Amino acid sequence: MKIHQLKGYIQSIYLVEYPQQLLLLDGCCRADISMLEQFITGDLSRPFSDLKLIVVTHMHPDHAGAAHKLRKITGCKIASANMSKQWYTGLSGRFSHLVDIALATWVASRIGKTRKNLWYSPHLKIDYALTDQDTLPGFDDWRVLLTTGHTDRDLSVLHIASMRIYVADLLVKVKDRFIPPIPVNYPQQYRASILKVQALRPASIMLAHGGEVMLTERDFAHVLTVAPRKPFTIWTPAKNKLKRLLLRKKG
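Below: a short report on this structure. In this text the structure is predicted, and so the values were computed from the model without any measurement.

### Overview of the sheet that holds strand β6 (residues 128–130)
- Here 6 strands make up an open sheet; going across it, the order is β1-β2-β3-β4-β5-β6 and the pairing mixed. Two strands in the sheet have a free side with no partner beyond their single neighbour: β1 (2–7) and β6. The mean inter-strand angle of the sheet, taken between neighbouring strand axes irrespective of direction, is 25 degrees.
- Across 3 bridges, strand β5 (residues 77–81) lies against β6 in parallel orientation. Across the sheet, residue S80 finds its bridge partner in β6, namely A129.
- Where helix α1 (residues 33–43) meets the sheet, its contacts fall on β1, β2 (12–17) and β3 (22–24), and the angle it forms with β1 comes to roughly 140 degrees.
- Against the sheet, helix α3 (residues 67–74) makes contact with β3, β4 (51–56) and β5, and its axis sits at roughly 170 degrees relative to β4, the strand it touches most.

### Considerations on the pairing of strand β10 (residues 164–168)
- In terms of burial, β10 is largely enclosed, as 4 of its 5 residues are buried.
- Sheet topology note: the strand β9 (residues 155–159)/β10 ladder contains 3 bridges and is antiparallel. Bridge pairing in β10 places V157 opposite Y166.
- Two elements, β10 and strand β13 (residues 204–207), share 4 bridges in a ladder whose sense is parallel. When the sheet's bridge partners are listed, I165 is paired in β13 with I205.

### Thoughts on helix α6 (residues 217–226)
- The set of residues buried in α6 consists of D219, F220, V223 and L224. For α6, the buried positions fall inside an angular range of 135 degrees around the axis, keeping them on one side. When the buried face of α6 is taken as reference, the exposed residues oriented beyond 90 degrees from it are R218 and T225.
- On its buried face, α6 is in contact with β12 (177–179), α5 (187–200) and β13.

Reading the values: rules and limits
Residues numbered from 1 in each chain as written. Predicted model: local features only at pLDDT ≥ 70, side-chain atom pairs only at ≥ 80, totals over all residues. Heavy atoms only, no water. Pairing = 2+ DSSP bridges. Helix = DSSP H or I, 4+ residues; strand = E, 2+ residues; numbered from the N terminus. Axes fitted to C-alpha atoms, helices over the stretch in contact; angles between N-to-C directions. Contact = heavy atoms within 4.5 Å. Buried < 20%, exposed > 50% of the residue type's maximum accessible area, 1.4 Å probe, protein only. Arc of directions from axis to C-beta.

Here is the structure:
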């Protein structure tokens, strides 16, 4: 087993190589498909169809954006959390989907990437529904952990033998500090997820934004200290500012 860390459009991609098959630890951006194909067929000299399973950790554009198209091209299967409803549900969900694509496009522009089409379906059609402590279908050396908080369906995947864990957006590395992502929709669940990963004492943690890292007890303590106690989204600072202005006017 070998884990290749690739530089994706706006996130790190983790492709796991086995002699007979390949595993993708997240669904990437739509813009990552051609790069991923080139790496597999060129650098690894393997057929693209060796990709057998994609884990979609949650529904944001850089984690689910390429999943459907990769399945159509390679014939691979998609595994994700066992949820009764889609993340982007109803009119508010469709609006959130558009906002998330716009944010991903903005992030790409901030890091100097050429503008690309990031559109993907807001509704994920999965082949395998995963629950906490499941092993990945066809890859039973990987265990699934529910690590919700960022959204209601976040997954992490642990390689049991090496104790290396991919946590997607559970943590973000910014200027050598580890912080919570934006948004944290479920703050209590988020704190529980951080404690869950900490209790594993993983050998390393693979981040979608920050690479493969090792956290100290002090790092975990810092994350828990700065983690929000109330839901925190991209709109929260603006709402708080508006509240302060209204209170000043009343005063």
